[in-house]
Amino acid sequence: MIGIAWLRRRGLSAALFVICIDFAAMPVHAQLAPSQPIKIVVGVPAPARILVQRLSENGHPAIVENRLGGNGIIATDAVAKSRADGYTLIMGNHSTLAILPHITKIGYDPEKDLAPIALMLAAPNVAIVKSALPVTSMRELVAYGKINRLTNATQGIGASGHLIGEQFKQLTGVDLIHVHYRGAALALQDVVAGHVDMMFDVVALTREHALSGQVRALAVLSPQRNPVLPDVPTSAEVGFTALEGGAWFGLMAPASTPRATVDWLNAETRKAFEVPEVRERLSKQGLQLPLGSPEEFAALIAAESKRWGEVIRTGGIKLESN
């Protein structure tokens, strides 16, 4: 699970990991007035409805506002410029907060214009290859790629699968050829069909294909094995500790939102995703629920931005029409 241990391996200060809020002693005035609904803006498909439903069930009305387009930049920029009262929030993610700022122009600074509330979900990637490729491990994949042409299907330029593929190239020296699509479904379809050699995609989307033998899963790119693919080793287990990543989603507010309001929203978010049936349903899809403090989420954003920024600069990646 992405969390304190994951962040510490990246050399971040221990002070960032201190959870200093006693949620049991929240001041009453931290709560938002139920007379005005909380609006959670979604710029790309994201799991916002679980939180909206739980907030409403707990006595605070909430709605989802879909503001799609621009890879989530439009929605994120609008919320960053919204009134900082806790009633307008954004469902941020790995792309809008840690990747896009390095490959295209945006109108907001993720670390200055937005306040982290809680990291909600993490969806680790898994390295898969087409079933006909004659490799059964990451080491064999590297050896094969040194003497053969390897193609990598991705969800699009700047997507997590693209950047992990680029990181794989930089770590191993394998000349991985980028084949980008408009979304994960078409990319995965071509790996299953054998038209492209490999892909890095989230466990939730690839598990059925891996379990059925349509593709071969070589490594899960997270610190722990994934319960829906228990026999697939982690990248660290097979000697690729630095090769970690995937998608993640978390709640953000405009930067000057009062700390008491942020704390209350953090506590409500944790309540929503700590419901046993919710945790069970999501974990069965290979998803993780970090649910840490605002400080931990801020540290994750900073670490991910630094890591992907370096990969992007080294690879000369720029966002273009795909």
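One structure accompanies this document, and this report is about it. All figures in this text were calculated on a predicted structure; none of them were measured in a lab. (Residues numbered from 1 in each chain as written. Predicted model: local features only at pLDDT ≥ 70, side-chain atom pairs only at ≥ 80, totals over all residues. Heavy atoms only, no water.)

Further remarks concern the nonpolar core. Most often, soluble globular proteins have nonpolar side chains that are buried together. Ranked by internal contacts, the top residues of the largest apolar core, which has 45 residues, are Met138, Leu141, Phe168, Phe200, Leu243, Trp248 and Phe297. Among the elements that make up this core, the one with the highest residue count is helix H11 (residues 294–315) (6 residues). Other than its neighbours up to four places away in sequence, Met138 contacts Ala127, Phe168, Leu218, Ala219, Val238, Phe240 and Leu243. (Core = buried A, V, L, I, M, F, W, Y, C linked by side-chain atoms within 4.5 Å. Buried < 20%, exposed > 50% of the residue type's maximum accessible area, 1.4 Å probe, protein only. Helix = DSSP H or I, 4+ residues; strand = E, 2+ residues; numbered from the N terminus. Contact = heavy atoms within 4.5 Å.)

Here the phi dihedral of Asn71 falls at roughly 60°; this positive angle occurs in a residue that is not glycine. Structurally, the position occupied by Asn71 is in the loop between strand E2 (62–66) and helix H3 (73–80). Relative accessible area serves as the criterion here: at 45%, Asn71 is assigned to the partly exposed category. Here Leu291, not a glycine, exhibits a phi torsion of approximately 50°, which is positive. Take Leu291: it is sitting in the loop between helix H10 (276–283) and H11. Since its relative accessible area comes to 5%, Leu291 is described here as buried.

We now examine the pattern of salt bridges. Per the counting criterion, the structure on display carries 16 salt bridges. Note that Arg67 is salt-bridged to Glu65, the shortest N-O span being 2.5 Å. A relative accessible area of 30% places Arg67 in the partly exposed class. In this structure, Asp77 and Lys81 form a salt bridge, with 2.4 Å as the shortest nitrogen-oxygen distance. Given a relative accessible area of 57%, Lys81 falls into the exposed group. A network of salt bridges, in which partner residues are shared, links Lys39, Glu65 and Arg67. (Salt bridge = Lys/Arg side-chain N within 4 Å of Asp/Glu carboxyl O.)

This paragraph deals with the packing of helix H6 (residues 160–172) against H11. Where H6 contacts H11, the axes come no closer than 10 Å and their chain directions differ by 70°. Classified by the angle their axes make, H6 and H11 are roughly perpendicular. When the axes of H6 and H11 are compared, the crossing they make is left-handed. Across the interface between the two elements, Leu163, Ile164, Glu166, Gln167 and Gln170 of H6 pack against Arg307, Trp308, Val311, Ile312, Thr314 and Gly315 of H11. Across the contact of H6 with H11, the residue classes tally to 5 nonpolar, 4 polar and 2 charged. (Axes fitted to C-alpha atoms, helices over the stretch in contact; angles between N-to-C directions. Parallel < 35°, antiparallel > 145°, perpendicular 65-115°, else oblique. Left-handed = near helix turned anticlockwise from the far one by under 90°. Nonpolar A, V, L, I, M, F, W, Y, C, P; charged D, E, K, R; others polar.)

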